[in-house]
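# Inside the fold
Spelled out, the chains give:
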Number of protein chains: 2
Amino acid sequence: MNMFETLLSLARAAADAGEVPIAAAVVAADGTVLATAHNAVEALGDATAHAELLAIRAACEARQSKYLEDCTLYVTLEPCAMCAQAASLTKIKKIIYGAYDPKGGGVEHGARVFSHPTCHHAPEVIGGVRQAECGALLRDFFQARR
Amino acid sequence: MNMFETLLSLARAAADAGEVPIAAAVVAADGTVLATAHNAVEALGDATAHAELLAIRAACEARQSKYLEDCTLYVTLEPCAMCAQAASLTKIKKIIYGAYDPKGGGVEHGARVFSHPTCHHAPEVIGGVRQAECGALLRDFFQARR
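Residue positions within a chain follow its written sequence, with the count starting from 1. Key to labels: chains lettered from A, ligands numbered from 1, both in the order written. It should be noted that, the model being predicted, local features are given only for residues of pLDDT at least 70 and side-chain atom pairs only at 80 or more, the latter also being counted only at that level, while totals for whole chains, interfaces and linings use all residues. Note: side-chain values were computed over all heavy atoms of the structure, leaving out hydrogens and water.

## Points about the confidence of the model for chain A
Here chain A shows a mean pLDDT of 96. Residues at 70 or above account for 99%. Taken over the whole predicted complex, pTM reads 0.97, whereas the ipTM for its chain interfaces reads 0.96. For every residue, the pLDDT score states the predictor's confidence, bounded by 0 at the bottom and 100 at the top.

Have a look at this one:
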């Protein structure tokens, strides 16, 4: 999956910049990449500066639209509850993510944001894509810091 | 509670600007108001531009800190899962909110973000403050638009 090559490179660049290596992209139905972003918590000094939220915001800006109804969110790690709900609020059609995150994920773990009857919009979800590589990037990053 | 007077005014200003009337503030332990914000989904063209997320981001900027460990988040409506998780990620100490939101809330309804064993940081929560006024603002806003 070509988008994951791009995201893995971007996540590696994040790690080189001292950021947790997670990268995301928002891609329109016609294949246009509306936005890419990596985690920027350190650079922005803001613990909410997750790759997905940054990419979603940038895609809304690029589209001049508050919704992204035809779009797919690609991300190297299972989104947390914040990013999952951001995808729901912006009506993203599909989420394709890399490594499962049993500790911090909010899609198939923890809060399972899309699984509640009150969830107004639940994107289609495909998880575990390039799981080994996406997960290894994170493991290597945290091991090097210990 | 004086902060709620401020927030109710700010929420009314949001309604006048065509935004869903929800307002939030982040207040430091010493009482300094680090940031206030109202919902700005229409103005920013971004469905993630919730009052709480905007206030949290502005407070991080004001503090030049990715965490807000001594801070209280005040908001006129129960936060959604996105904003609840944003409060958890920034290690906000306490959340004091107005109206309960059985349809869109993610604290005491829906995803109940802080109630899972994987939640790394769960702020103290006080809900239902000025419930009647905070809720009436929203009801009036949506009734006027129907």
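Moving on, there is more to tell.
## Observations regarding the interface of chain A and chain B
Any pair of residues with heavy atoms lying within 4.5 Å of one another is described as a contacting pair. Residue-level contacts link 30 residues of chain A with 30 residues of chain B. The quantity reported as buried area is the accessible area (1.4 Å probe) lost by two parts once they are put together, taken as the sum for both. Roughly 2,300 Å² is buried in total at the junction of chain A and chain B, and carbon and sulfur atoms are behind 65% of that figure. Any Lys or Arg side-chain nitrogen found within 4 Å of a carboxyl oxygen on Asp or Glu counts as a salt bridge. Run the count over chain A and chain B and you get two salt bridges. Residue Lys66(B) pairs with Glu42(A) through a salt bridge whose shortest N-O separation is 2.5 Å. We call two N or O atoms a polar contact when they sit within 3.5 Å, provided that within protein one can donate a hydrogen and the other can accept it, with sequence-adjacent residues counted only if both atoms are side-chain atoms. Summed over the shared surface of chain A and chain B, the number is eight residue pairs in polar contact (both at pLDDT 80 or more). Strands are runs of DSSP state E lasting at least two residues, helices are runs of H or I lasting at least four, and both sets are numbered from the N terminus onward. Sorting the residues of the side of chain A that touches chain B by element identifies α2 (41–44), α3 (51–63) and α4 (81–89) of chain A as the ones contributing at least two each. In terms of residue count, α4(A) provides more of the side of chain A that touches chain B than any other element does, five residues in total. For this scheme, ten residues count as nonpolar: Ala, Val, Leu, Ile, Met, Phe, Trp, Tyr, Cys and Pro. Four count as charged, namely Asp, Glu, Lys and Arg, and the remainder, Gly too, count as polar. Of the residues belonging to the side of chain A that touches chain B, the class tally is 14 nonpolar, eleven polar and five charged.

## Focus: the pairing of strand β3 (residues 72–77) of chain B
Remark: exposure states derive from per-residue accessible area (1.4 Å probe, protein chains only) relative to the maximum for the residue type, with buried under 20%, exposed over 50%, and partly exposed in between. Taking burial as the measure, the six residues of β3(B) include six buried ones, the bulk of the element. For the crossover that starts at β3(B), traverses helix α4 (residues 81–89) of chain B and ends in the parallel strand β4 (residues 94–99) of chain B, the hand is right-handed. When the strands point away from the viewer and the path from the first strand over the helix to the second turns clockwise, the crossover is right-handed.

## Some details on the sheet that holds strand β1 (residues 23–27) of chain B
All names here are of chain B. What the five strands build is an open sheet, ordered β2-β1-β3-β4-β5; its pairing is mixed. Of all the strands in the sheet, just β2 (33–38) and β5 (124–126) have a single pairing partner and so form its edges. The average undirected angle you get between the axes of adjacent strands in this sheet is 15°. Both β1 and β3 contribute to a ladder of four bridges, which runs antiparallel. Note on β3: the bridge partner recorded for Ala24 is Val75. DSSP calls a pair of strands paired once it identifies at least 2 bridges connecting them. For every element, the axis is a line fit to its C-alpha atoms; helices are fit only across the contacting stretch, and the angle between N-to-C directions ranges from 0 to 180 degrees.

## Notes on the packing of helix α1 (residues 2–16) of chain A against helix α5 (residues 131–145) of chain A
All names here are of chain A. With their axes 11 Å apart at the nearest point, α1 and α5 run at an angle of 5° to one another. When the interaxial angle is binned, α1 and α5 end up roughly parallel. Only Glu133, Cys134, Leu137 and Phe141 of α5 make contact with α1, whose side of the interface consists of Phe4, Leu8, Ala11, Arg12 and Ala15. Angular relationships are summarised with four words: roughly parallel below 35 degrees, roughly antiparallel beyond 145, roughly perpendicular across 65 to 115, and oblique for the angles in between.

## A look at the relation of the copies chain A and chain B
Alignment of copies: least-squares fit on C-alpha atoms of residues with pLDDT of at least 70 in both copies. When chain A is fitted onto chain B, the two copies agree to an RMSD of 0.0 Å after a turn of 180° and an axial shift of 0.0 Å. With respect to symmetry, the two chain copies, as superposed, fit the operation of a two-fold axis. For chain A, the residue whose C-alpha comes nearest the rotation axis is Met82(A), separated from it by 1.8 Å. Looking at chain A, 100% of its interface residues are interface residues in chain B too, so the copies touch through the same face.

## A closer look at the pattern of salt bridges
All names here are of chain A. One pass over the full model with this rule turns up eight salt bridges over all chains. Between Arg63 and Asp70 there is a salt bridge, and its shortest N-O distance comes to 3.0 Å. A relative accessible area of 31% means that Arg63 is categorised as partly exposed. Asp70 gets classed as partly exposed once you look at its relative accessible area, which sits at 25%.

## Here's the deal with the side chain of Thr48(B)
Here Thr48(B) lies in the loop between α2 (41–44) and α3 (51–63). There is a polar contact of 2.7 Å between the side chain of Thr48(B) and the side chain of Asp46(B). Aside from chain neighbours lying at most four places away, what touches Thr48(B) is Leu53(A), Ile56(A), Arg57(A), Ala86(A), Thr90(A), Leu53(B) and Met82(B).

## Side note on the sheet that holds strand β3 (residues 72–77) of chain A
All names here are of chain A. Taking strand neighbours across the sheet as the criterion, the five strands line up as β2-β1-β3-β4-β5 in an open arrangement whose pairing is mixed. Since the sheet does not close on itself, it has two edges, and those belong to β2 (33–38) and β5 (124–126), each with one partner. The mean angle between the axes of side-by-side strands here comes to 15°, regardless of whether they run parallel or antiparallel. Strand contacts of α3: β1 (23–27), β2 and β3, with the helix running at about 150° to β2, the strand carrying the most contacts.

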